[in-house]
Structures are given as C-alpha cells and as structure tokens.
Amino acid sequence: MTLKELIMKYDFDSIMPGLEMRDDQINGRFAGYKEAFDILRLMEPDNEFHPEDTPHIEIRWQDSILDDGERWIDVYGASRKWENVLAKDIKVANDLDLTETEVLARILWEMTFYGFTPKQREEVFAGWEPRKEPHNQYEKALWALQLRMYKNEVRKKDRWFDESGKGCYNMDYMKSMFNKPCLNRAKRKRKYRQELREEHLERMAKHDNLIQQLTKDSSLKRQNVDFLMNVENVHKVNFQSHIVNREERIPYLIQLITDYYNWDWVDGTDMICLLRTSITAPLTEQEKERISKFFSNFSHLGLHHAEGTDEELGNDVSLTVIVAK
C-alpha cells in the first residue's frame, strides 16, 4: 500500500492518539499536523524519485541502541519531497506491532520535522544557506561583533572564512581549545560583555525581521508594531486553510484554531492577528466577524487586527498570530 492510499483511508482525528504517542511535547497543538494531513490528501503523488532516495518507506527499529539501553522505532525514506513520498509503498518490520493509524502518525511526524507545509520546509532549508548580506542594521552590527570576537579568540594562522564571510575553525585549533589556559579577569569580563551584546543584537535582529514580514503587503505600518522591538519574548503561530471551495476556508480556519490548537499557553501584553488573502479572493465582512469573535476571548491583551495580501494563497486564507510579552 502506498502512503497516498493509506492517508485516504482515515480522517485526521483517527491518527491524533498516534501523534500524541510519538510527540510528547504536542500539548494539544495539532493544528500544524492537521494542515499537513489535509495538504497531503489534496496532493497528487509523483513517482519520480531522487536518485539517492529509496522507492519505499520503511518503519523499523533504529540500528543503534541509546545509552540507557532503549531503541527507537524509526521511519526511513520519508524525508524527501512530499509528492515523492506519497507515491511510495510502506514496509513495516515484522517485529513491530503497529496499527495503520500509528504507522500513519509516525510517517506524518517524520515528514513534518522541518515544517508543516512544503513552503515552511523550503524556508527552513533556505535558512541553512550562508547569507552574504545582513537583513537589517542589527544583523550587520551582530556580524561585526562576531568577527571581532572571532579575531580575538583565533590565531591568525588558524583563521579561515566560508563563502558568506563567516569565521570558521580548523581541526587543529579546535583541539588546542581544550588545552587553553583560563582567561584572566579582564578578558573574562570583556568576553562576558561581548556575549551579552551578542544576545541583545540577536534578539533585536530577530524582532526587526519579524516586523518586516508583518508590514510587507499588509495594513500594518512600522509605527503600529514597533513596540515589538522593546519586548523580551515574541511567540509566532501560523495557520492556513487548505480547501477546495472558497466558502469552506473560514470554517476550516476556525476549526483549526478552536479544535486543534491549545491556547492555554497565551500570556503576554499584546496580540497581533494578521489575516492574508489573495487580491482576487478578499475577506467578506462575515468572515472577518467570525475570526474577530474568536479572538475577543483575548480582550485582556492589546489586540491589533490587520489584513494583508499573498497571491500564492489563491482562494485560501492565512492567519498569523503574534503574542508579545
């Protein structure tokens, strides 16, 4: 049986217990898995495998044994493009006693390890690529600081840089680090100050990047969300409808955020709710009202409602929720 055939046999609710068994940190937040499940049901399989990929999905005991003597059940062959994985046959080891829903839950967990949508996966992989230019002034200052710290710590003969200009360590230097004498008090204090500065710049760069994302093609202006630069923590959650008929998109989104996501964690001072649609399928007043009704439950926070556009959405709608504290 192929993954596509298996996934069409069940609804999402039937695999939720299997996901809880596999992911002990899920805490009732199933929305991302639900989105991935529905994307896969709408997606057509593609039999063109990567040359290095296997033609099947295999579920078996992991080869290595952990230090505490435990062994993991692992999934192999499910980390490629989703269209390819859908076309694969599923093979389960004879010494495993798993139901079909448990098998499906394990495969879904593996496929979503780097993101709950193909786009999220691409963004994660793109983030691993070395960047030659900083995104904002804080990243620019951060890179300069890290370069100074690198030059302070690494001897000139041991330095080399990758194509992005990031300082790297050779193996000889890494070995010598274990034999270095302790720093004197002045150098320890300098390193401590530099690390505090590095932490501050990383946070500011992250928050500034978020503001750029929120204000791009949306009704939010920089002055509306500039307060994010002065908060300690920012939590971001994304939701998106995955439907065939446009009239189903808001009921789907409401179901995601009410039935498949646990909001008990929400604690802060401000909440931003940004809804995006394509220009050709804007929100109706009734759709806006249904979303606003749910978020009225968080009236104790400073609520900021906004709308934006994303032409890749087609008839779907996306919701970005930011909680700041």
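Draft legend 1. Molecular detail of the sheet that holds strand β3 (residues 89-92). In spatial order, the strands read β2-β1-β3; together these three strands make up an open sheet with mixed pairing. The open sheet has two edge strands, β2 (73-76) and β3, and neither has a second partner. Each strand axis lies, on average, 15° off the axis of its neighbour in the sheet, ignoring direction. Across four bridges, strand β1 (residues 56-61) lies against β3 in parallel orientation. Across the sheet, residue I57 finds its bridge partner in β3, namely I90. Seen against the sheet, helix α5 (residues 100-111) touches β1, β2 and β3 and runs at an angle of roughly 65° to β2.

Draft legend 2. Structural view of the packing of helix α3 (residues 31-42) against helix α11 (residues 249-259). For the pair α3 and α11, interaxial distance at closest approach is 9 Å and the crossing angle is 140°. The orientation of α3 with respect to α11, classified from their angle, is oblique. Crossing angle aside, the handedness with which α3 passes α11 is right-handed. Contact with α3, carried on its side by A31, K34, E35 and D38, involves Y252, Q255 and L256 of α11 and no other residues of that element. Residue classes in the contact of α3 with α11 are distributed as three nonpolar, one polar and three charged.

Draft legend 3. Geometry of α3. Over its twelve residues, α3 extends 17 Å from the first C-alpha to the last, a length consistent with the 16 Å expected when each residue adds 1.5 Å. Counting buried residues along α3, ten of its twelve residues qualify, which places the element largely inside the surrounding structure. Every buried residue of α3 is listed here: A31, G32, Y33, K34, E35, A36, F37, D38, I39 and L40.

Draft legend 4. Summary view of the nonpolar core. Within the largest apolar cluster, 59 residues are counted, with the highest numbers of intra-cluster contacts made by F12, I107, F239, W263 and F295. Of all the elements, α5 adds the most residues to this core, at seven residues. Once residues within four sequence positions are removed from consideration, F295 is found in contact with I257, W263, M271, C273, L303, H305, L319 and V321. Judged by nonpolar contacts, the second largest core, of 21 residues, contains Y138, L142, M149 and L220.

Draft legend 5. How the structure looks around the side chain of E287. With respect to the helices and strands, E287 occurs in helix α12 (residues 285-295). Engagement of the side chain of E287 in a polar contact is seen with the side chain of R249, the distance being 3.0 Å. Looking at E287, its side chain comes within polar contact range of the main-chain nitrogen of T284, at 3.0 Å. The residues touching E287, leaving out its near neighbours within four places in the chain, are R249, I250 and P282.

What counts, and at which threshold
- Residues numbered from 1 in each chain as written.
- Predicted model: local features only at pLDDT ≥ 70, side-chain atom pairs only at ≥ 80, totals over all residues.
- Heavy atoms only, no water.
- Pairing = 2+ DSSP bridges.
- Helix = DSSP H or I, 4+ residues; strand = E, 2+ residues; numbered from the N terminus.
- Axes fitted to C-alpha atoms, helices over the stretch in contact; angles between N-to-C directions.
- Contact = heavy atoms within 4.5 Å.
- Parallel < 35°, antiparallel > 145°, perpendicular 65-115°, else oblique.
- Left-handed = near helix turned anticlockwise from the far one by under 90°.
- Nonpolar A, V, L, I, M, F, W, Y, C, P; charged D, E, K, R; others polar.
- Expected span 1.5 Å × (residues − 1).
- Buried < 20%, exposed > 50% of the residue type's maximum accessible area, 1.4 Å probe, protein only.
- Core = buried A, V, L, I, M, F, W, Y, C linked by side-chain atoms within 4.5 Å.
- Polar contact = N/O pair within 3.5 Å; in protein donor to acceptor, adjacent residues only side chain to side chain.

Note that every value here comes from positions in space, so none of it alone points to a role or purpose.
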